[in-house]
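Structural characterization, general
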There are 2 protein chains.
Amino acid sequence: MGPSSKKIEIVLAIDIGGTYTKIGLVEKNGTIRGKRVFSTGSKHSFQGFVLNLEDEVALLCAELKNKIKIVAIGIGAPNANWITGKMEHPPNFKWGDFVPISETISSLFKLPVVIANDANAAAVGEQTYGMAKEMKHFVVLTLGTGLGSGIVVDGKLVTGANGMAGELGHVSVDPEGRSCNCGLKGCLETYASVTGIKRTVFELLAELKEDSFLRGISYDSMTGEIISEQALMGDVIALKAFEITGKILGSKIADTVAHLDPEAFILKGGLSKAGDILLEPVVRNMEKNLFAAYKGKVKIYLSPTDSSNAILGSAALFWQGRM
Amino acid sequence: MGPSSKKIEIVLAIDIGGTYTKIGLVEKNGTIRGKRVFSTGSKHSFQGFVLNLEDEVALLCAELKNKIKIVAIGIGAPNANWITGKMEHPPNFKWGDFVPISETISSLFKLPVVIANDANAAAVGEQTYGMAKEMKHFVVLTLGTGLGSGIVVDGKLVTGANGMAGELGHVSVDPEGRSCNCGLKGCLETYASVTGIKRTVFELLAELKEDSFLRGISYDSMTGEIISEQALMGDVIALKAFEITGKILGSKIADTVAHLDPEAFILKGGLSKAGDILLEPVVRNMEKNLFAAYKGKVKIYLSPTDSSNAILGSAALFWQGRM
């Protein structure tokens, strides 16, 4: 065997989020050999993203170039269709209605690409390297800029007839409700996501009279972290925002249980970092709305995986089934 | 080979509904060799049902006794858990919280029993003998006394972690809405079922001033057939009731699409007999509420199978996979 056979086999993992894109070099066993983060530029051009990606990958690989062999690329991206390889109507992006992400990146790097919806990738990641190693029926919800989901039934990711299953961010909370980037109104992600709780906070600031630290922060400066911090410190508005978010998310989770009878939900993403302040009202409201046969049977976990490790999901798209 | 080997192999199929129970003798190829219907007696005792069943099966088999060999029993029953073999918390029955249906019937007839939720059985029936022979991803909705559902993903019935998947009758339309037999409020089946449209009619009779044939009929005498007939004849109240039913069912179907990305829904049961009066508002409201990636891709069919053939689903639970 020549020297090249001693190189470590690596998947170049790419996790495209509405705000940041994470890239990393991941071994089959889940070891991360390096990672980087850069702004996605979802409101600018797709071409600009591709140029940035090329530069970032070059920087990522610079040190390890002679030690690794990249065998494939795994991509998690919002609204990515695993069959067509395109991002289809991604609501938080201005890259067009059908973004040829798989084809573009595959020809850029001359490597095979496996692609899935970012939340589907997260589900495969939890199954391969994370909390769901022993689970056959579970749902991952990523509560970030939007709300993504990945559904696993009988140990297998549900992809659907057109490769687009698992868009729970767009189930309806209120058909006359908040405008969603997707063009519909009252979608779940307009309530149960970092953006959603921020909108709830601003509704509460208008509705209620209570003093709140949050009254000093503009809409553009408000973050999920600030709301979480204030809730932990007892801010009435922030606490009420978590209660409302938990009520809506818990009741919708109960509807998903009525579809799938899963053993667990795994919450990930920015909003899940709030911990028990989010988890307690979600569990309470789920239980309240569960059909009798499911009561007390469904677990809700917060994934301890740091979001900088979202690339594990993208890598797992390739490595899963090769373990 | 002895003479007994020439007997036709038959599954005794039992379809337990909230009002009627259908039994039949079904060959592997779906030929029905005989069938009977009797009142379920869901508001009386389970013991009474079992005694009736024994008598009815004896009558069913009387003529064919020497020509057939019953190899198994297939049962479709509301809230039946295919793992435990029990009907769990069936909301429209007064037979207890855990009805040991599989065990009781198996020892009564000394035959193996396969059991599933009646709507799950209907889904397997459509897959084995009906409209879904070529489909891999579809959902059956049975719109009868309640609303049942059976979900097929990748050609396989979704049964869930506890054997109780597919209870779409109990997703929430309005948490402050109509009382449901299950103890929750505002469940889908309190709107989109024969009972649901009847409740909608009575709400409209109270709310509106329009003349209607339906004003002369008591709640207890009102049926789905009467409402359908009147809608076909242009009765304003009846038409509006179908419009409301279609709006609610269509929007909830859109939510189910966001979970599963199925190719089709198949509507069955009493309410589906209304035909286009139901189908048109369901399709229109589904499309209106669909996330962009699904628009124009999901079909909704009315199953042409006569409901007296519901036993095919129960039989298919055994015959499927043996074809």
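Everything quoted here is computed from the prediction, not taken from an experiment.

**Considerations on the overall build of chain A**
Counting its regular elements, chain A contains eight helices and twelve strands. Taking 323 residues into account, the globule formula puts the C-alpha radius of gyration at 20 Å, and chain A, at 20 Å, falls close to it. The C-alpha extent of chain A, read off along each of the three principal axes, is 70 × 45 × 35 Å. Within chain A, buried positions represent 58% of all 323 residues. Residue pairs at least 24 apart in sequence account for 62% of intrachain contacts in chain A once pairs closer than 6 positions are excluded. Here chain A holds 34 positive side-chain charges and 34 negative ones, and the gap between their average locations is 5 Å.

**Quick word on the domain arrangement of chain A**
Residues and elements named next belong to chain A. Split into domains, chain A comes out as domain 1 (3–125 + 308–319) and domain 2 (133–304). Between the C-alpha centres of domain 1 and domain 2 the distance comes to 26 Å. Across the boundary between the two partners, domain 1 contributes 15 residues, which contact 24 residues of domain 2. Across the domain 1/domain 2 interface, buried area totals approximately 1400 Å², and carbon plus sulfur atoms make up 54% of it. It is Pro91, Asn120 and Ala123 in domain 1 that bury the most area against domain 2; as a group they hold 32% of the surface buried on that side. The interface formed by domain 1 and domain 2 includes zero salt bridges. On the surface where domain 1 and domain 2 come into contact, there are five residue pairs in polar contact (both at pLDDT 80 or more). Element by element, the count of residues in the side of domain 1 that touches domain 2 is highest for helix H3 (residues 118–129), at five residues. When its residues are assigned to classes, the side of domain 1 that touches domain 2 shows eight nonpolar, six polar and one charged.

**Here we look at the pattern of salt bridges**
Counted by the stated rule, this structure contains 18 salt bridges over all chains. By sharing partners, the salt bridges in this structure join Glu243, Glu280 and Arg284 of chain A into a single network.

**Looking at helix H4 (residues 194–207) of chain B**
Residue and element names in this part refer to chain B. In this model, H4 (14 residues) spans 20 Å end to end at C-alpha, consistent with the 20 Å of a helix rising 1.5 Å per residue. Of all the residues in H4, the buried ones are Gly196, Ile197, Lys198, Thr200, Val201, Leu204 and Leu205. The inward-facing, buried residues of H4 contact helix H5 (224–232) and helix H6 (236–260).

**Details of the packing of helix H5 (residues 224–232) of chain A against helix H6 (residues 236–260) of chain A**
Residues and elements named next belong to chain A. Contact geometry for H5 and H6: axes closest at 7 Å, N-to-C directions at 110°. What the angle tells us is that H5 and H6 run roughly perpendicular. Of the residues in H6, those in contact with Ile227, Ser228, Gln230 and Ala231 of H5 are Ala238, Leu239 and Phe242. When the residues that make up the contact of H5 with H6 are grouped by side-chain class, the tally is five nonpolar, two polar and no charged.

**What to know about the sheet that holds strand E4 (residues 68–77) of chain A**
All names here are of chain A. Spatial strand order, E3-E2-E1-E4-E7: five strands in an open sheet with mixed pairing. Every interior strand has two partners, whereas the edge strands, strand E3 (32–39) and strand E7 (113–117), have only one. Averaged over all neighbouring strand pairs, the angle between strand axes comes to 15°, with direction disregarded. Sheet topology places strand E1 (residues 8–16) next to strand E2 (residues 20–26); six bridges connect them, and they run antiparallel. Paired with Val11 across the two strands is Val26, which belongs to E2. Strands E1, E2, E3, E4 and E7 of the sheet are contacted by helix H8 (residues 311–319), whose axis makes an angle of about 125° with E1.

**Here's the deal with unusual backbone geometry**
All names here are of chain B. The backbone of Asn79 sits at a positive phi, close to 60°, despite the residue not being glycine. Note that Asn79 resides in the loop between strand E4 (68–77) and strand E5 (87–88). On the basis of relative accessible area, Asn79 is assigned to the buried category, the value being 6%. We note that Lys110 has phi near 55°; this positive angle belongs to a residue other than glycine. The topology assignment puts Lys110 in the loop between helix H2 (101–109) and strand E7 (113–117).

**Observations regarding the side chain of Ser272 of chain A**
All names here are of chain A. Relative to the assigned elements, Ser272 resides in the loop between strand E11 (264–268) and helix H7 (276–289). Here Gly269 takes part through its backbone oxygen, which lies 2.6 Å from a polar atom of the side chain of Ser272. Those residues within four positions of Ser272 in sequence are excluded, and the remaining contacts are Leu267, Leu278 and Leu302.

**So, the state of the cysteines**
Residue and element names in this part refer to chain B. In the structure shown here, the tally under the stated rule is zero disulfides over all chains. Of all cysteine sulfurs, the one in Cys180 lies closest to Cys182, which takes part in no disulfide; the gap is 3.7 Å. Judged by its relative accessible area of 16%, Cys182 falls in the buried class.

**What to know about the pairing of E3 of chain A**
Bridge count between E2 of chain A and E3 of chain A: seven bridges; the pairing is antiparallel. In the sheet register, Thr21 of chain A faces E3 of chain A, and the bridge partner there is Phe38 of chain A.

**A closer look at the relation of the copies chain A and chain B**
For the pair chain A and chain B, the best superposition has an RMSD of 0.0 Å and corresponds to a rotation of 180° with a translation of 0.0 Å parallel to the axis. One copy is carried onto the other by what is essentially a two-fold rotation axis. A share of 100% of interface residues in chain A that are also interface residues in chain B marks the association as one of identical surfaces.

**Describing the sheet that holds strand E11 (residues 264–268) of chain B**
What holds strands together in a sheet is hydrogen bonding between their backbones, with the strands either parallel or antiparallel. Residue and element names in this part refer to chain B. Strand order in the open sheet made by the five strands is E10-E9-E8-E11-E12, with mixed pairing throughout. Of all strands in the sheet, those with a lone pairing partner are strand E10 (156–157) and strand E12 (299–302), marking the two edges. The strands touched by H6 are strand E8 (138–143), strand E9 (147–153), E11 and E12; relative to E8, the strand with the most contacts, the crossing angle is about 150°.

**Concerning the environment of Leu111 of chain B**
Residue and element names in this part refer to chain B. Relative to the assigned elements, Leu111 resides in the loop between H2 and E7. Leu111 sits in the buried class, given a relative accessible area of 17%. The residues touching Leu111, leaving out its near neighbours within four places in the chain, are Ile70, Val71, Ala72, Ile73 and Ser106.

**A closer look at helix H8 (residues 311–319) of chain B**
All names here are of chain B. Most of H8 sits inside the fold, with nine of its nine residues counted as buried. Inspection of H8 places Ile311, Leu312, Gly313, Ser314, Ala315, Ala316, Leu317, Phe318 and Trp319 among the buried residues, and these make up the whole buried set. In this structure, the buried side of H8 is in contact with strand E1 (8–16), strand E2 (20–26), strand E3 (32–39), E4, E7 and helix H3 (118–129).

**So, the interface of chain A and chain B**
In this complex, chain A contributes 42 residues to the contact, which on the side of chain B involves 42 residues. Between chain A and chain B, a total of about 3400 Å² is buried, with carbon and sulfur atoms accounting for 59% of that surface. Broken down residue by residue, the surface that chain A buries against chain B is led by His259, Asp261 and Phe291 of chain A, which jointly contribute 22%. Applying the counting rule to chain A against chain B returns four salt bridges. Notably, a salt bridge pairs Lys156 of chain B with Asp154 of chain A, separated by 2.6 Å at the nearest N-O pair.

Parameters and conventions
Residues numbered from 1 in each chain as written. Chains lettered and ligands numbered in written order. Predicted model: local features only at pLDDT ≥ 70, side-chain atom pairs only at ≥ 80, totals over all residues. Heavy atoms only, no water. Helix = DSSP H or I, 4+ residues; strand = E, 2+ residues; numbered from the N terminus. Rg over C-alpha atoms; globule rule 2.2 N^0.38 Å. Buried < 20%, exposed > 50% of the residue type's maximum accessible area, 1.4 Å probe, protein only. Contact = heavy atoms within 4.5 Å. Lys, Arg positive; Asp, Glu negative; His and termini not counted. Charge placed at Lys NZ, Arg CZ, Asp CG, Glu CD. Domains from an automatic or database assignment. Buried area = accessible area lost by both parts, 1.4 Å probe. Salt bridge = Lys/Arg side-chain N within 4 Å of Asp/Glu carboxyl O. Polar contact = N/O pair within 3.5 Å; in protein donor to acceptor, adjacent residues only side chain to side chain. Nonpolar A, V, L, I, M, F, W, Y, C, P; charged D, E, K, R; others polar. Expected span 1.5 Å × (residues − 1). Axes fitted to C-alpha atoms, helices over the stretch in contact; angles between N-to-C directions. Parallel < 35°, antiparallel > 145°, perpendicular 65-115°, else oblique. Pairing = 2+ DSSP bridges. Disulfide = S-S within 2.5 Å. Least-squares fit on C-alpha atoms with pLDDT ≥ 70 in both.

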